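Fold and contact review
Residue strings, one per chain:
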Protein chains: 2
Amino acid sequence: MIAEILSIGTELLMGQIANTDAQYISRRLAELGVNLYRHTTVGDNPARVKEALGEAIARADIVITTGGLGPTEDDLTKEMVAEFFGLPMEMHAPSLEALTERMNRLGREITPNNYKQAMMPRGAIVMPNLRGTAPGAIVESGQKAVAILPGPPHEMQDMFERQLAPYLHARTGVRIDSRFLHVCGIGESSLETLLLDLFHSENPTLALYCGAGEVQARLSARVGANEDSAPLLDPLEKEIRRRAGRAVYGEGRNLTLAAAVVNALRAAGKTVACAESLTGGMLASRLVDVPGASSVLGEAYVTYSNEAKMRLLGVSKDTLRQFGAVSAQCAREMAEGARRASGADFALSTTGIAGPDGGTPEKPVGLVYVGVASTSGCEVQELHLRGERDWIRELTCVNALNALRLALG
Amino acid sequence: MIAEILSIGTELLMGQIANTDAQYISRRLAELGVNLYRHTTVGDNPARVKEALGEAIARADIVITTGGLGPTEDDLTKEMVAEFFGLPMEMHAPSLEALTERMNRLGREITPNNYKQAMMPRGAIVMPNLRGTAPGAIVESGQKAVAILPGPPHEMQDMFERQLAPYLHARTGVRIDSRFLHVCGIGESSLETLLLDLFHSENPTLALYCGAGEVQARLSARVGANEDSAPLLDPLEKEIRRRAGRAVYGEGRNLTLAAAVVNALRAAGKTVACAESLTGGMLASRLVDVPGASSVLGEAYVTYSNEAKMRLLGVSKDTLRQFGAVSAQCAREMAEGARRASGADFALSTTGIAGPDGGTPEKPVGLVYVGVASTSGCEVQELHLRGERDWIRELTCVNALNALRLALG
């Protein structure tokens, strides 16, 4: 099956937002085994929407549109699809009911414009919108179909997953099941070399995606609609885990390193504190990002000045004088001091030069020390990072979290 | 002048990256007064690139392509443009020289593939790439032109600004100068109402963009290539500042609220400390994002647990028992405690319920208190925020930074 994406919205042509909807749908179509050869974006202009729709329908089996489902005059996607297929627009009673209920719940009046959102091309398969006011639809005509999705990403994604993905499954007769293995501590090219022969397989397939300081491996198996994918995916996952060893920190599309660390701490009944210099709170914030972090993180210290490092963490004046704040010795005393002051089981420290200023030939921008203190002492890593200020701070957090993960054993 | 964007790259159709290049170019074309009616994305496939190029050229005066300039077989943008216009490909000596020099500098060997990157359609205006190996080009044919840009965003943006933007200026004979006023503390719709009559002007124009907890006003004047835009922009800026008053925190495309706060603190010779509960280090991290933050922020406390609030900040047990950690009283004691412990001139505190769990009917998810302590006491704001966990934490930071900005006077 061949698909095209037609994104509708003047805000995209004005560059006010990036087309993340197209990215999301593209990724999911690849996972679903649907071929995608083209994205087109046009503004909220009837003639240009209709022209682009006609071209896309001529080339593809299914055209997926986003945007143009709002209550205003400018929102004309459904109308243009109906016109293209020669279908009248009709009031869709269940949609009007859902809309009325939603407005009542929010204590808002229904306006005439809202009625427009409940109008549908005759015969359309209506897709309720559980996160907003604009329902979507699938309009079929012969072998061709147009799927109409709302523009706001959280509405679009919910509708795609609940309603469009099963529809595409049913049409293609196949299902693509994917697993996502997260790897930290092996670079992308080293991992690629390590797994080289595994990329030749056609089913299941293996692909790598590079993130900030980590790599995601996607394992995908194409199976019949009612077939089990485990016999294809289990051996591949096992083999990758065998080769990459402890660098694999977990499985799951939306898993983050911070969540893996929080979960591991919770499972072990352990706590952590942070002592941050160049990351300035970013590391603690990554942990607090994870719902339920309160059971593993009680406190953290942002000690940006030398004076704060001494007073709050007990870093010695001699250390700062002899080695400077950006040193393995300082990272060690910061982590040990944070662990002592907080009473936590583990403490992480970060100190380094994020730039753009402050670098010297001996201590260039990107020189970073990360410490992990625990009952068994303190391990310090020296890192040589490259990039802009925020990228260096980001990679520092990833390295610190990964060091804690490995220390958790 | 009418433009179209043609993005070339299978990674876009696979959803591996979002098309931020298209967003950047779209925004800049709007600012340059060039009309843009369509984006198209195709993969690294010769037939589909050529087909999409032909369609775009038929509709537009200039087609701007991104991607497909790498050294591999798959990279075929220049070749397809040359074929489309019936031009031979020729070695471009200055590009080869620049490439050789770059490779020597990096200590790398030139491969046969690299020569491909120095080949250009005959007669093209070559745009050197100051940030990468692939030069770009402008190919003119009659009244039509194709501008070929590299895909990596930092290379593309640099080439666009240095070379394509002046070319577009010269072709349109006009220049659009823009100013960006940043507004925090007035919502988008209130600001729109406040400035309503100013939107009717055709030159200069005014547009609002909504950010996280703040709004950006773009003032744009269309002037002749050598004309001064200040006589058009100065009165409009003055009028907006008069109406929005202190909600305007500064001017400049890349200005952030955190940078405005750091700059204001530096100008006043003042320092700040943070005491963070739900933001968990995010607030301090926003300040540390700004180069030179070390002169205004020495330390911050992430006190996620009640025990840490008491021990590090001196919040009283009675306050926590009587009012709870999410209360104006606790926010006040946190800010005052952080100011006392750090010796900073100001201290900011945040406490609240970020969700998804932990809300009650009395204290629902989104209830947040933000405190600002200074020599003249402590002001606490109660906020009722809506959204996901990270959005609530993000808006809390914006509110805290803005409260400090206003306290700075």
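Residues numbered from 1 in each chain as written. Chains lettered and ligands numbered in written order. Predicted model: local features only at pLDDT ≥ 70, side-chain atom pairs only at ≥ 80, totals over all residues. Heavy atoms only, no water.

An unreviewed UniProt entry annotates chain A as Putative competence-damage inducible protein originating from Candidatus Alectryocaccomicrobium excrementavium. UniProt annotates chain A under Sequence similarities (unreviewed entry) with the comment "Belongs to the CinA family." (UniProt positions renumbered as here; feature names shortened; annotations may be inferred.)

Moving on, we get to the overall build of chain A. What chain A contains, in helices and strands, is 15 helices and 17 strands. A total of 409 residues make up chain A; the buried ones form 53% of that total. Across chain A, contacts joining residues at least 24 apart in sequence account for 67% of those joining residues at least 6 apart. (Helix = DSSP H or I, 4+ residues; strand = E, 2+ residues; numbered from the N terminus. Buried < 20%, exposed > 50% of the residue type's maximum accessible area, 1.4 Å probe, protein only. Contact = heavy atoms within 4.5 Å.)

Sequence positions flagged by UniProt for "domain: MoaB/Mog" (unreviewed entry) are, in local numbering, residues 4-171 of chain A. Measuring from the first to the last C-alpha atom of residues 4-171 of chain A gives 16 Å, for a span that is 46% helix and 23% strand.

The description of two packed helices rests on the angle between their axes and on the distance between the axes. Residues and elements named next belong to chain B. Here helix H10 (residues 257-268) crosses helix H15 (residues 389-407) at 30 degrees, and the two axes come no closer than 10 Å. Between H10 and H15, the crossing angle belongs to the class labelled roughly parallel. Crossing handedness for the pair H10 and H15: left-handed. On H15, the residues touching Leu-257, Ala-258, Val-261 and Leu-265 of H10 are Val-398, Leu-401, Asn-402, Leu-404 and Arg-405. For the contact of H10 with H15, a count of residues per class yields seven nonpolar, one polar and one charged. (Axes fitted to C-alpha atoms, helices over the stretch in contact; angles between N-to-C directions. Parallel < 35°, antiparallel > 145°, perpendicular 65-115°, else oblique. Left-handed = near helix turned anticlockwise from the far one by under 90°. Nonpolar A, V, L, I, M, F, W, Y, C, P; charged D, E, K, R; others polar.)

The next thing to look at is the sheet that holds strand S9 (residues 174-183) of chain A. Residue and element names in this part refer to chain A. Spatial strand order, S10-S11-S9-S12: four strands in an open sheet with antiparallel pairing. For this open sheet the edge positions go to strand S10 (205-210) and strand S12 (248-251), each flanked by a neighbour on one side alone. Each adjacent strand pair in this sheet contributes to an overall mean axis angle of 25 degrees, direction not counted. Relative to strand S11 (residues 215-224), S10 runs antiparallel, the two being bridged by six bridges. Directly across from Leu-206, in S11, lies its bridge partner Leu-219. Each of S9, S10, S11 and S12 touches helix H9 (residues 230-244); the most contacted strand, S11, lies at about 160 degrees to it. (Pairing = 2+ DSSP bridges.)

If you walk through the whole model with that rule in mind, you get one cavity of 30 Å³ or more. Taken as a whole, the largest cavity encloses approximately 140 Å³ of empty space. Secondary structure elements with two or more residues in the lining of the largest cavity: helix H2 (20-32) and strand S2 (35-42) of chain A together with helix H2 (20-32) and strand S2 (35-42) of chain B. Its residues assigned to classes, the lining of the largest cavity shows eight nonpolar, ten polar and no charged. (1 Å grid on protein atoms, 1.4 Å probe; cavity = no way out; pocket = protein on both sides within 12 Å on 5 of 7 lines; lining within 4 Å. Points joined across faces, edges and corners; volume = space filled by probe spheres on them.)

A few words now on the relation of the copies chain B and chain A. Mapping chain B onto chain A calls for a screw motion: a turn of 180 degrees about the axis and a shift of 0.4 Å along it, with 0.5 Å RMSD after fitting. As the rotation angle and translation indicate, the two copies are arranged about a two-fold axis. A share of 100% of the interface residues of chain B reappears at the interface of chain A, consistent with the copies meeting face to face through the same patch. (Least-squares fit on C-alpha atoms with pLDDT ≥ 70 in both.)

Residue and element names in this part refer to chain B. In this structure the tally under the stated criterion is 48 salt bridges over all chains. Residues Lys-116 and Glu-79 are paired through a salt bridge, measuring 3.8 Å at the closest nitrogen-oxygen approach. With Lys-116 in helix H6 (residues 112-117) and Glu-79 in helix H4 (residues 77-85), this pair connects stretches of sequence that are 37 residues apart. When its relative accessible area of 22% is taken as the criterion, Lys-116 is described as partly exposed. Notably, a salt bridge pairs Asp-158 with Arg-162, separated by 3.0 Å at the nearest N-O pair. You can see Asp-158 and its partner Arg-162 sitting in helix H7 (residues 153-172), four residues apart, about one turn around the helix. (Salt bridge = Lys/Arg side-chain N within 4 Å of Asp/Glu carboxyl O.)

Turning next to the packing of aromatic side chains. Residues and elements named next belong to chain B. A complete count under the given rule lists four aromatic pairs over all chains for this structure. Between the aromatic rings of Phe-84 and Phe-85, the centroid separation amounts to 5.2 Å while the plane-to-plane angle is 80 degrees, which identifies the pairing as edge-to-face. Here the basic side chain of Arg-27 rests over the ring of Tyr-24, its NZ or CZ set 5.2 Å away from the ring centre. (Phe/Tyr/Trp six-rings, centres within 6.5 Å; stacked < 30°, edge-to-face > 60°. Lys NZ or Arg CZ within 6 Å of the ring centre and 35° of its normal.)

All right, on to the environment of A:Ala118 then. All names here are of chain A. With respect to the helices and strands, Ala-118 occurs in the loop between helix H6 (112-117) and strand S5 (119-121). For the pair formed by Ala-118 and Asn-203, sequence separation is 85 residues and the distance between their alpha carbons is 43 Å. Among residues more than four places away in sequence, those in contact with Ala-118 are Lys-78, Glu-90, Met-91, His-92, Ser-95 and Leu-96.

Residues and elements named next belong to chain B. With respect to the helices and strands, the residue Ala-30 is situated in helix H2. Looking at Ala-30, the relative accessible area reads 23%, which means it is partly exposed. C-alpha separation for the pair Ala-30 and Leu-149, spaced 119 residues apart in sequence, amounts to 18 Å.

Turning our eyes to something else, we now look at the interface of chain B and chain A. With 56 residues of chain B at the interface, the matching set in chain A holds 56 residues. Both sides of the chain B and chain A interface together cover about 4500 Å² of buried area, and 51% of this is carbon and sulfur. Close ionic contact of B:Arg393 with A:Asp289 constitutes a salt bridge, the shortest N to O distance being 2.3 Å. Our count for the chain B to chain A interface comes out at 28 residue pairs in polar contact (both at pLDDT 80 or more). When its residues are assigned to classes, the side of chain B that touches chain A shows 27 nonpolar, 17 polar and twelve charged. Note: S2(A) against S2(B), five bridges, orientation antiparallel. What sits directly across from A:His39, in S2(B), is B:Thr41. (Buried area = accessible area lost by both parts, 1.4 Å probe. Polar contact = N/O pair within 3.5 Å; in protein donor to acceptor, adjacent residues only side chain to side chain.)

With that settled, the discussion passes to the sheet that holds strand S17 (residues 377-384) of chain B. Read from one edge to the other, the open sheet built from ten strands follows the order S17(A)-S16(A)-S15(A)-S13(A)-S14(A)-S14(B)-S13(B)-S15(B)-S16(B)-S17(B), with strand pairing classed as mixed. Where the open sheet ends on each side, the last strands, each with one partner, are strand S17 (377-384) of chain A together with S17 of chain B. Shown here is a sheet whose adjacent strand axes are inclined to one another by a mean of 10 degrees, direction ignored. Relative to strand S15 (residues 346-352) of chain B, strand S13 (residues 272-276) of chain B is paired through five bridges, and the arrangement is parallel. Each bridged residue has a counterpart across the sheet, and for B:Ala275 the counterpart in S15(B) is B:Ser349.

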